[in-house]
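Survey of secondary and tertiary structure
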Amino acid sequence: MRWRTGRRSDNIEDRRGVRAGAGGGVRSPVGRRTAAGGGLGLLLLLVLGLLFGVDPALLVGLTGSMQEPDTRREVPAGYAGLTAARQDELADFVSVVLADTEDTWRELFAAGGARYREPRLVLFSGQVRSACGFAEAAVGPFYCPGDEKVYIDLSFYDDLKHRFKAPGDFAQAYVIAHEVGHHVQNLLGISPEVSRAQRAAGRAESNRLSVMLELQADCFAGVWAHHADRDRSILEQGDIEEGLNAAAQIGDDRMQRRSAGFVVPDSFTHGSSEQRVRWFRRGLQSGSMQGCNSFEAARL
Ligand SMILES: [Zn+2]
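Residues numbered from 1 in each chain as written. Predicted model: local features only at pLDDT ≥ 70, side-chain atom pairs only at ≥ 80, totals over all residues. Heavy atoms only, no water.

**Examining the pairing of strand β4 (residues 133-136)**
To be explicit about the condition: We call two strands paired when DSSP finds no fewer than two bridges between them. The way it works is that DSSP assigns letters per residue, a run of H or I at least four long becomes a helix, a run of E at least two long becomes a strand, and they are numbered from the N terminus.
Bridge count between strand β3 (residues 127-130) and β4: four bridges; the pairing is antiparallel. Across the sheet, residue Q127 finds its bridge partner in β4, namely E136. The antiparallel pairing of β3 with β4 creates a hairpin that spans two residues between the two strands.

**Topic: the packing of aromatic side chains**
The cut-off we apply is this: Classification of ring pairs uses Phe, Tyr and Trp, with its six-membered ring standing for Trp, and accepts pairs whose centres are within 6.5 Å; under 30 degrees between planes counts as stacked, over 60 as edge-to-face, and the remaining range as tilted.
Summed over all chains, the structure comprises 10 aromatic pairs. Considering the side-chain rings of F156 and Y157, the 6.4 Å spacing of their centres and the 50 degrees angle between planes classify their relative orientation as tilted. Joined through ring pairs, the aromatic side chains of W105, F109, Y116 and F220 make up one cluster.

**Regarding the coordination of the zinc ion**
Put simply, the rule reads: Any N, O or S atom lying within 2.8 Å of the metal counts as a donor, and for Na, K and Ca the limit rises to 3.2 Å; water is left out, so some sites can look incomplete.
For the zinc ion, every protein donor is listed as H178 (NE2), H182 (NE2) and E214 (OE), and the spread of their distances is 1.9 to 2.1 Å. Sequence spacing among the residues donating to the zinc ion works out to H-x3-H-x31-E. Taken together, the positions of H178 in helix α5 (residues 169-187) and E214 in helix α7 (residues 203-232) put the pair 36 residues apart, joining distant regions of the chain.

**A few points about the confidence of the model for the chain**
Segments scoring low in pLDDT should not have their predicted coordinates read at a detailed level. Selection rule: pLDDT is defined as a per-residue confidence score from the predictor, taking values between 0 and 100. It only takes one pair of heavy atoms within 4.5 Å for two residues to be counted as in contact.
Summarising the model, the chain shows a mean pLDDT of 83, and 80% of its residues fall at 70 or more. Segment residues 23-46: pLDDT under 50, and 38 contacts once partners within four positions in sequence are set aside and those in other chains are kept. Per-residue pLDDT stays below 50 along residues 52-78; that stretch engages in 34 contacts with residues further than four places along the chain or on separate chains.

**Side note on the state of the cysteines**
Threshold: Two cysteine sulfurs form a disulfide in these notes if their separation is within 2.5 Å. Note on exposure labels: buried denotes an accessible area under 20% of the residue type's maximum, exposed denotes more than 50%, and partly exposed covers the range between, all computed with a 1.4 Å probe on protein chains only.
Considering all chains together, one arrives at two disulfides under this definition. Disulfide pairing is shown between C132 and C144; the S-S distance is 2.0 Å. Between C132 and C144, the S-S dihedral sits near 95 degrees, and the bridge is therefore right-handed. Of this pair, C132 sits in the loop between β3 and β4 while C144 sits in strand β5 (residues 142-144), and the two are 12 residues apart along the sequence. Classification of C132 as partly exposed rests on a relative accessible area of 47%. For C144, a relative accessible area of 0% corresponds to the buried category. Through a disulfide, C219 is tied to C292; the S-S separation comes to 2.1 Å. In this structure the cystine formed by C219 and C292 twists about its S-S bond by roughly -75 degrees; its chirality is therefore left-handed. Highlighted residues: C219 in helix α7 and C292 in the segment after α10 (273-286), separated in sequence by 73 residues. The exposure class assigned to C292 is buried, which follows from its relative accessible area of 0%.

In C-alpha cells:
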C-alpha cells in the first residue's frame, strides 16, 4: 500500500502507556509509555544504576511496577513482539489511514448533502476506558458510539499477522476502515436502530442483526478502499488479496474453529469468512454505500 506520503490525521489520541484503572477518573491523553514512572524513585534508581554499573534504561523500565504496586500490567504481552520503532511506524500508518477515511467519507457524505463528523482514534496499550466502559486489549479494536472513537492497541497487528495469518499493510488498513465503517453506521442512525431492535429480539435474531451490521461495516471498508484508490492510487499489487484474506481469517467460523475446534453458526456475530469476503469485495468493486444494504439483501 502506498501510504507514506499521505496526510496524517489530527484525530489521533495517543494514550499508550496510560493506565486506565477501573477506579480512576477521566485521564487526559498523554504521551508514550516511557512517561510512566519518574520522580524521586526514578532518580534514585538512576543513581544506583550508575553506582552499580547497571544500564539505567533497564532500571527505568522497572520503575512502573515498583511505584505502582498493583497487578495491572503497564505493557501488555503482545507488545513484546513490537519494537518501539515498529510501534511508532504503525501509529504513523494508522494516522494516514484514518486521514484517508476522513477525506473519503467527507466527500461521500457531501455528495449526499450531509456533513461527515470525523471520529477520533485512540491508541492504547493493555487496557482503556471509553464511554462504552473499560476494555482490555484482548477484545481487539473496537468502535464506541458513545464517544465516537475508534480504539486500537497496536499489538493487535502482531496478532493479525501471526495468530490470524493476515499479514500486510492493507490488511491493517482494512481493520481501521471496518471500525470507521461502524462510525458511519452510527452517523447514519443505523446502529442505534439495530441496538433497539436487538433489545427486543431473542438471542439468535440478535446475533443475526449483529452479523448484518458487521457485514455492512466490511462493505463500507470496501467502499473506502474503492474511493481511496480511485482518488489517490493507494493500492499496490497484492493489496486486495491481503484485505480479502484478513476479512476471511477473522470470520467467525475460522475464529471458532481456531479456538474451540468446531463451528456454531447460530452464535456468529460477525459473519462467516465467505460472507465477510463477499461484502468487503462488494464495497470495493462498487464504491457505493447504497450497495452495502446488508439489511435488505436477499442473501447475507
Ligand atoms: Zn465490527
